[in-house]
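A structural walkthrough
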Amino acid sequence: MDDIRDILNSNLIVPVVILDRVEDTAPLCEALLQGGIQAIEITLRTEAAMAAIGEAARRFPDMTVGAGTLLNADQVKQVMDLGAKFGVSPGSTPALLDAVSTNEFPFLPGGSTMSEFMALAEASFVVQKFFPAGPAGGPAFLRSVASPLADISFYPTGGINADNAADYLSLPNVIAVGGSWFVSADRIRDGGWAQITNDTRDIVKRFSNAKNC
Ligand code: 3PG
């Protein structure tokens, strides 16, 4: 299983999705793959989410399918069994950290304060989700964190869009960003696959060199 750092190093922009219908999974994955994105975070916020993770992992073995909004240890076991390659949580609890560590599951625990970042690093999680990125302080906050907590890398999500993604990606402590701006629940519900492919292509083109500038 890939290390979470390797996964994010190869996937600079991760679409964070809310899927209401399992049948939208395959066309969405196809639209993203055609646009040049190989990773997806399917959040556990709907009835369909577990089945969607299974469907994505089964039908698109080359895609890096992640499970988002993991809130407890049972969910960790379930998504691993379904084939998820990484997990993401908006925060963290001792039980959750214990479950992912025991199962050696690549994981991004969430934090939004200095003390949370430090506690997670102490528990050996040095790649973390910064959430909710915009309301919690945005790129300016993360820039200030880089010097005192130089060994921690972040995956910011929450309020990322085409206008501010470059501000985050230009920071040395940001490894990748996630967001729903080009794969909103409405867009998925409307089945706008061609538009999602076009937007994905534009995003990939626009940000492909963001970490090398
Ligand atoms: C997440 O869980 O990472 C967020 O819901 C994604 O945030 P966004 O919808 O503001 O991009």
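Located above this text is the structure these notes cover.
Here's what I pulled together on the structure shown here. (Residues numbered from 1 in each chain as written. Predicted model: local features only at pLDDT ≥ 70, side-chain atom pairs only at ≥ 80, totals over all residues. Heavy atoms only, no water.)

Before going further, it helps to examine the overall build of the protein. Tallying secondary structure elements over the protein gives 10 helices and nine strands in all. Taken over the C-alpha trace, the protein has a radius of gyration of 16 Å; the compact-globule value for 213 residues is 17 Å, and the two agree within 12%. Taking the principal axes of its C-alpha atoms as reference, the protein extends roughly 45 × 40 × 25 Å. Expressed as a percentage of the 213 residues in the protein, the buried residues total 49%. Sequence separation of at least 24 residues holds for 62% of the intrachain contacts in the protein that already meet a minimum separation of 6. Just so you have it, the protein exposes about 9,400 Å², and 49% of that area is on carbon and sulfur atoms. Separation between the mean location of the 15 positive side-chain charges and that of the 24 negative ones in the protein comes to 6 Å. (Helix = DSSP H or I, 4+ residues; strand = E, 2+ residues; numbered from the N terminus. Rg over C-alpha atoms; globule rule 2.2 N^0.38 Å. Buried < 20%, exposed > 50% of the residue type's maximum accessible area, 1.4 Å probe, protein only. Contact = heavy atoms within 4.5 Å. Areas by Shrake-Rupley, 256 points an atom, 1.4 Å probe, with all protein chains shown as cover. Lys, Arg positive; Asp, Glu negative; His and termini not counted. Charge placed at Lys NZ, Arg CZ, Asp CG, Glu CD.)

Time to look at the site of the ligand. Neighbouring the ligand are Val 16, Arg 45, Lys 129, Phe 131, Thr 157, Gly 158, Gly 159, Gly 179 and Ser 180. For the ligand, an oxygen atom lies 2.5 Å from a polar atom in the side chain of Thr 157. Between Gly 158 and the ligand, the recorded distance is 3.5 Å, taken from a backbone N or O atom to an oxygen atom. Bound to the protein, the ligand loses 79% of the 320 Å² it would expose on its own. Here the shell around the ligand is built from residues that sort into two nonpolar, five polar and two charged. (Near = heavy atom within 4 Å. Polar contact = N/O pair within 3.5 Å; in protein donor to acceptor, adjacent residues only side chain to side chain. Nonpolar A, V, L, I, M, F, W, Y, C, P; charged D, E, K, R; others polar.)

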